Amino acid sequence: MKFFDLTKEADLIIKKNILRDLEIFLKKGSYINGKENLLLENKLKKIVGAKYCKVCSSGTDALLISLMNLGLKKGDEVITSPYSWISVAEVVSLLGLKVRFADINLDSFNIDLNHIKAITSKRTKVIIPVSIFGMCSNLIEIKKFTKKNNITLIEDAAQSLGAKILNLNSCNIADISCTSFFPTKILGGYGDGGAIFTNKQSNYKKISKIVNHGSIDRKNFDLVGMNARMDTIQSIFLLKKIKFLKKNIKQRRTIARMYNDFFLENNIYGYQNTNLKNYSVYSQYTILVKNRKKFTNYLKDFKIPYKIYYEKPIYKNKAYFQKIFLKNTEFISKHSVSLPINLYDLNKTKYVIKKLKRISIDKKIF
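The sections below set out a description of the structure shown in this document. The model shown is predicted, which means the values in this text are computed figures rather than measured ones. (Residues numbered from 1 in each chain as written. Predicted model: local features only at pLDDT ≥ 70, side-chain atom pairs only at ≥ 80, totals over all residues. Heavy atoms only, no water.)

Now for unusual backbone geometry. With glycine set apart, most residues show a phi of negative sign, and most peptide bonds adopt trans. One non-glycine residue with positive phi stands out, namely Phe133, at about 55°. Turning to its location among the elements, Phe133 is positioned in the loop between strand E4 (124–128) and helix H7 (139–148). According to the relative accessible area criterion, Phe133 is buried, its value standing at 0%. A positive phi angle is found at Arg218, which is not glycine, with a value near 60°. Looking at where Arg218 falls in the secondary structure, it is placed in the loop between helix H8 (201–211) and helix H9 (232–241). (Helix = DSSP H or I, 4+ residues; strand = E, 2+ residues; numbered from the N terminus. Buried < 20%, exposed > 50% of the residue type's maximum accessible area, 1.4 Å probe, protein only.)

Moving on, we come to helix H1 (residues 6–15). Those residues of H1 that sit buried are Glu9, Ala10 and Ile13. Buried residues of H1, viewed axially, fall in a sector of 105°; they line one side. Positive backbone phi, approximately 65°, marks Asn17, located one or two places after H1. (Arc of directions from axis to C-beta.)

A few words now on the nonpolar core. Of all hydrophobic cores here, the largest spans 40 residues; its most connected members are Ile65, Tyr83, Ile128 and Ile154. Of all the elements in the fold, those that place two or more residues in this core are helix H4 (59–68), helix H5 (87–94), strand E3 (98–101), E4, strand E8 (176–180) and H8. For this core, the element with the highest residue contribution is H4, accounting for 5 residues. (Core = buried A, V, L, I, M, F, W, Y, C linked by side-chain atoms within 4.5 Å.)

What follows deals with the pattern of salt bridges. A full pass over the atoms with the stated rule returns 10 salt bridges. With a closest N to O distance of 3.4 Å, Arg100 and Glu77 form a salt bridge. With Arg100 in strand E3 and Glu77 in strand E2 (residues 77–80), this pair connects stretches of sequence that are 23 residues apart. The class for Arg100 is partly exposed, based on a relative accessible area of 22%. Take Glu77: its relative accessible area is 6%, and that puts it in the buried class. Here Asp362 and Lys294 are joined by a salt bridge, their closest N and O atoms 3.1 Å apart. You can see Asp362 sitting in the segment after helix H13 (346–357) and its partner Lys294 sitting in helix H11 (residues 292–301), a full 68 residues away along the chain. Via salt bridges that share partners, Arg20, Asp21 and Lys240 belong to a single interconnected network. (Salt bridge = Lys/Arg side-chain N within 4 Å of Asp/Glu carboxyl O.)

Positionally, Glu155 belongs in strand E5 (residues 152–156). The spacing of Glu155 and Ile176 is 21 residues in sequence and 6.5 Å in space, taken between C-alpha atoms. Those residues in contact with Glu155 that lie beyond four places of it in its chain are Pro129, Ser131, Cys136, Leu139, Ser160, Ser170, Cys171, Ala174, Ile176, Ser177 and Cys178. Among the polar contacts made by the side chain of Glu155, one reaches the main-chain amide nitrogen of Cys171 at a distance of 2.9 Å. (Contact = heavy atoms within 4.5 Å. Polar contact = N/O pair within 3.5 Å; in protein donor to acceptor, adjacent residues only side chain to side chain.)

Here Gln272 is to be found in the loop between helix H10 (245–265) and strand E10 (278–279). A polar atom in the side chain of Gln272 sits 2.8 Å from the backbone oxygen of Ser108. Separated by 3.3 Å, the side chain of Gln272 and the backbone oxygen of Ile132 make a polar contact. Every residue in contact with Gln272, bar those within four places of it in the chain, is listed here: Asp107, Ser108, Phe109, Ile132, Phe133, Met135 and Thr286.

Structure, rendered in structure tokens:
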């Protein structure tokens, strides 16, 4: 059993004539900014409902470009979650901005609006919630707050393409949204890639220039930009894989429901609390346990793969160190474990659940 079974999906796109498409691509010679990039942008716009989409070199670069677009000043503050990958803190730091960390909610693992409000200051210019493990942050309420306070809202949707909250799509709620096509994401390529969404034309025009060295025509350079274009070959892969997106999300939700039903039947809690308002795509299925070491040793005995994401808060890393203590973040970092989601064989999930039954009454674990 594998935690991520990337080769199965590769087999599917091989059967869908990807090799023929790659041969055509190689013979054309249009390797950068090919028409496939535009085709992919148009498909992504339709999926999330946004007016504008620009693909780029990675999810991290998508965040960096989005912040560059805002013309922020050194020392301006950006609030984000400390329980995620480091990308937001990384790009904020690179631009000479100040990162502020708000605590997260125990039931969703997403950023806590009440703590956002508590640490917001006159220098707060941007709030970047991370829609963690495929579940949207409380974006609608956060947006009300940012709008009232003239703060830009950027969603880090690297893990949540296809998710919804109150029937509003992830990547189409915030002022700007960023997603990732890293191979293990909901829609993953075979290399790095990302996309930026917005409904504001001025954002789109400036972002498009930044992605391409600060220029539209590569003759006139209006601003300082980056070489952040996404290779055409990744668009070719993604155009094939996007055909399976709905089916894959449906399968992820089926697997998550199987896990949820098992834990509920056994009075075990600690998984993300999704409801009818929040449609998760389950990029990972993560649960809190009392004794992580004992639990993971058990999984190892039965060769069940697992992952521990964000084993320590971002602010405990040397590069982003801050002398703070966020209670919920610290607790979740120490007690979370992600179980495998195998999209191509439900028997693998049944096997995991069968083994979990053997320890379901162990109060030292759950």
